[in-house]
Amino acid sequence: MEPRITGFDYQRVTVTEGVSLNVAAGGSGSPVVLLHGFPQTHLMWRHVAADLASDHTVICPDLRGYGDSDKPADTDGHTYSKRTMAADVIALARAFGHERFALAGHDRGALVAIRAGLDHPDAITHLASLDVLPTLDMWDVMHGTSAAVGFHLYLMAQPPSLPEQMISASADAFFGYFLDIWTRNPEAIPADIRAAYLKASREAVPSIVADYRASAAVDVEHDQADRRAGNRLRMPVAVLQQDWGAALGFDAAALWEAWAPHQEHATVSCGHFMAEEAPADVVKALRGLLAR
């Protein structure tokens, strides 16, 4: 039996025609939606979700294209745009009866959360971003040999066919590489969870690549339009990041300031998978955000 978040109920929720998400939900109280990153599923939130569920309704979906959620074919370059995926999240919360809710995302899920905050500011009460920069800034800071750290971004940005073929040929090695290199404490991702991540990822190569490809195309266009219009995140924002700025030569807090004037920015000492490596720290940050 595949791992689950203990004490949470599982269901499939239709968010738009032809797309249903696999969702774990638990607890009661004001709603918090948690969005996972790459190469993971909703299971990355298992520790954080269990804690928050003591006084919040916690909703943890697999993003479209990931885990046990539907994986529609990308026919127009927009199927996995963060705008489309953010609309999924809004529809999901409404299906649970919540017009307004707090939203936290890690990695890919954070990009979806940021887009939800920009597109649906009246729905998002609080927003937390774990270990990403907004898409437009992410590409701007990647330059020279230091950009080699993001080789997967460039690989999956290529036109359809070759990236999917290359990754599918060695899927476990590809996805496992990131689970290994981005983790400072390997014990934070035990064998059964790692196996679940690898299985989910190898079964979703086309949709995962489509998600990343969108971030090199339509997602950039959406960010550029917001930048020109002066659109910013109006709600309280918490940002937790590794010190990527020191490695790549940028001021992360300053970049975030342009998008989120009401941000609190913190640098963490754990690895990328902070909700699993340092769940108590993430819970503390989220509870601090929710109290604002």
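Residues numbered from 1 in each chain as written. Predicted model: local features only at pLDDT ≥ 70, side-chain atom pairs only at ≥ 80, totals over all residues. Heavy atoms only, no water.

Draft legend 1. View of the nonpolar core. Counting 101 residues, the largest nonpolar core has Leu-34 and Trp-45 as its most contacted members. Broken down by element, the residue count for this core peaks at 7 residues, all from helix H3 (residues 108–119). Setting aside chain neighbours within four positions, we find Trp-45 in contact with Leu-34, Leu-35, His-36, Ala-50, Cys-60, Ala-104, Gly-105, His-106, Leu-130, Ala-275 and Val-282. (Core = buried A, V, L, I, M, F, W, Y, C linked by side-chain atoms within 4.5 Å. Buried < 20%, exposed > 50% of the residue type's maximum accessible area, 1.4 Å probe, protein only. Helix = DSSP H or I, 4+ residues; strand = E, 2+ residues; numbered from the N terminus. Contact = heavy atoms within 4.5 Å.)

Draft legend 2. Here's a closer look at empty space enclosed by the protein. All chains considered together, the criterion is met by 3 cavities of 30 Å³ or more. Empty space within the largest cavity amounts to approximately 380 Å³. As for the largest cavity, its lining consists of 20 residues, of which Asp-131, Val-132, Met-138, Leu-153 and Trp-244 are closest to the centre. Listing elements by their share of the lining of the largest cavity, those giving two or more residues are H3, helix H4 (135–141), helix H5 (151–155) and helix H11 (244–248). Each pocket or cavity is described by its volume, and for the second largest cavity that value is around 70 Å³. It is H3 that provides the largest number of residues to the lining of the second largest cavity, a total of 4 residues. When the residues that make up the lining of the second largest cavity are grouped by side-chain class, the tally is 4 nonpolar, 2 polar and 5 charged. (1 Å grid on protein atoms, 1.4 Å probe; cavity = no way out; pocket = protein on both sides within 12 Å on 5 of 7 lines; lining within 4 Å. Points joined across faces, edges and corners; volume = space filled by probe spheres on them. Nonpolar A, V, L, I, M, F, W, Y, C, P; charged D, E, K, R; others polar.)

Draft legend 3. Representation of the environment of Pro-236 within the structure. Mapped onto the elements of the fold, Pro-236 is located in the loop between helix H10 (218–229) and strand E7 (237–241). Sequence-wise, Pro-236 and Thr-57 are 179 residues apart; in three dimensions their C-alpha atoms are separated by 19 Å. In contact with Pro-236, other than residues within four places in its own chain, are Thr-125, His-126, Leu-127, His-262, Leu-289 and Arg-292.

Draft legend 4. Summary view of a nonpolar patch on the surface. A cluster of nonpolar side chains, Phe-151, Tyr-177 and Ile-181, forms an exposed patch at the surface whose accessible area comes to about 290 Å². Take Phe-151: its relative accessible area is 36%, and that puts it in the partly exposed class. (Patch = residues over 30% accessible without salt bridge, like charges linked within 9 Å, V, L, I, M, F, W, Y side chains within 5 Å. Areas by Shrake-Rupley, 256 points an atom, 1.4 Å probe, with all protein chains shown as cover. Salt bridge = Lys/Arg side-chain N within 4 Å of Asp/Glu carboxyl O.)

Draft legend 5. Fine view of the packing of aromatic side chains. Overall, the coordinates contain 12 aromatic pairs when judged by the stated rule. Arranged with centres 5.1 Å apart and planes meeting at 80°, the rings of Phe-174 and Phe-178 form a pair that is edge-to-face. Taken as a pair, Phe-174 and Phe-178 lie in helix H7 (residues 171–181) at a separation of 4 residues, close to a single helical turn. When sorted by exposure, Phe-174 lands in the same class as Phe-178, which is buried. (Phe/Tyr/Trp six-rings, centres within 6.5 Å; stacked < 30°, edge-to-face > 60°.)

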